[in-house]
Amino acid sequence: MKGSKLMKSKPTNQSSGLPIHASHVMVCVDEIREGVICGRAINAFVSKPIYFTGLDNLFLQLEFLYDSLQVPQPPNIRRFERKSQALGSVTDFPEVTTFWNPQKTKGCRGKLATVLVRVMYRQNASWQGQAIWVEGKKQVQCFRSALELLHLFQNVLSMLLEEQTHASRATS
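Residues numbered from 1 in each chain as written. Predicted model: local features only at pLDDT ≥ 70, side-chain atom pairs only at ≥ 80, totals over all residues. Heavy atoms only, no water.

Draft legend 1. Region of interest: the overall build of the protein chain. Assigned secondary structure in the protein chain consists of two helices and six strands. Counted from the first residue to the last, the protein chain has its helices and strands arranged as β-β-β-α-β-β-β-α. The buried share of the protein chain, reckoned over its 172 residues, is 40%. Considering only contacts within the protein chain whose residues lie at least 6 apart along the sequence, 56% involve residues at least 24 apart. Looking at the protein chain as shown, the accessible area adds up to about 11,100 Å², and 54% of this sits on carbon and sulfur atoms. (Helix = DSSP H or I, 4+ residues; strand = E, 2+ residues; numbered from the N terminus. Buried < 20%, exposed > 50% of the residue type's maximum accessible area, 1.4 Å probe, protein only. Contact = heavy atoms within 4.5 Å. Areas by Shrake-Rupley, 256 points an atom, 1.4 Å probe, with all protein chains shown as cover.)

Draft legend 2. Quick look at the nonpolar core. Within the largest apolar cluster, 36 residues are counted, with the highest numbers of intra-cluster contacts made by Leu 58, Val 117, Trp 127, Leu 149 and Phe 153. Of all the secondary-structure elements, those providing two or more residues to this core are strand E1 (24-33), strand E2 (36-42), strand E3 (50-53), helix H1 (55-69), strand E4 (113-121), strand E5 (128-133) and helix H2 (146-171). When sequence neighbours within four positions are dropped, the list of residues in contact with Phe 153 reads Val 27, Ile 37, Leu 55, Leu 58, Phe 59, Val 115 and Val 117. Listed in part, the seven residues of the second largest apolar core include Met 26, Cys 28, Ile 132 and Val 134. (Core = buried A, V, L, I, M, F, W, Y, C linked by side-chain atoms within 4.5 Å.)

Draft legend 3. Structural detail: H1. Counted at 1.5 Å a residue, the expected span for H1 with its 15 residues is 21 Å, and the 21 Å between its end C-alpha atoms agrees. Of the residues making up H1, those classed as buried are Leu 55, Asn 57, Leu 58, Phe 59, Gln 61, Leu 62, Glu 63, Leu 65, Tyr 66 and Leu 69. As for H1, its buried residues are in contact with E1, E2, E3, E4 and H2. (Expected span 1.5 Å × (residues − 1).)

Draft legend 4. Highlighting the sheet that holds E4. Read across the sheet, six strands follow the order E3-E2-E1-E4-E5-E6 without closing on themselves; strand pairing throughout is antiparallel. This sheet does not close on itself; its edge strands, each paired only once, are E3 and strand E6 (140-143). Here the average twist between neighbouring strands, direction ignored, is 25°. The pairing of E4 with E5 spans six bridges and is antiparallel. Note on E5: the bridge partner recorded for Arg 118 is Gln 130. With respect to the sheet, H1 is in contact with E1, E2, E3 and E4, its orientation differing from that of E3 by roughly 150°. (Pairing = 2+ DSSP bridges. Axes fitted to C-alpha atoms, helices over the stretch in contact; angles between N-to-C directions.)

Draft legend 5. Quick look at unusual backbone geometry. Of note, the bond from Val 71 into Pro 72 is cis; its omega dihedral lies within 30 degrees of zero at -20°. With respect to the helices and strands, the residue Pro 72 is situated in the loop between H1 and E4. In this model, Gln 70 sits at a positive phi of 60°, which is unusual for a non-glycine residue. On the secondary structure map, Gln 70 appears in the loop between H1 and E4. Given the relative accessible area of 36%, Gln 70 is considered partly exposed. Positive phi outside glycine occurs at Ala 125, with the angle close to 55°.

Bear in mind that shape data such as this cannot, by itself, settle questions of function.
Set out below in structure tokens:
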């Protein structure tokens, strides 16, 4: 057709119409309080950072985000019903938009660590994807379940606690 421009189509999720990368979340670990990771999760489709205290709260918040965005689409519906009390502070969940703002995740860094979590699939009532440690060599680790991702975060927690212990000993 004369005068029309050919646009490249980006891969999208069929049910939500959002790009596949809508499930990418930058997890910024800002502090460790009594052995508990605290920080914020940033997604380009959420109006404000998602604050979390503890890995359990982070995972519940992310599951709520993926359900809200419908990306990645779960292959089946879970048989249990969630109760808002079990989700902690999900009642304060920021507004989810269909407008992508890539500037939200650029330059976002946690005070202690930063991990880009790419959930590509939600199969077998779990997550599959990649965790990319932004600091250092940009180490990429694949996970086949949310439990494996939890173990990856636990390893980061133990490394950070060890670094804090060495730093406090050096200043003493």
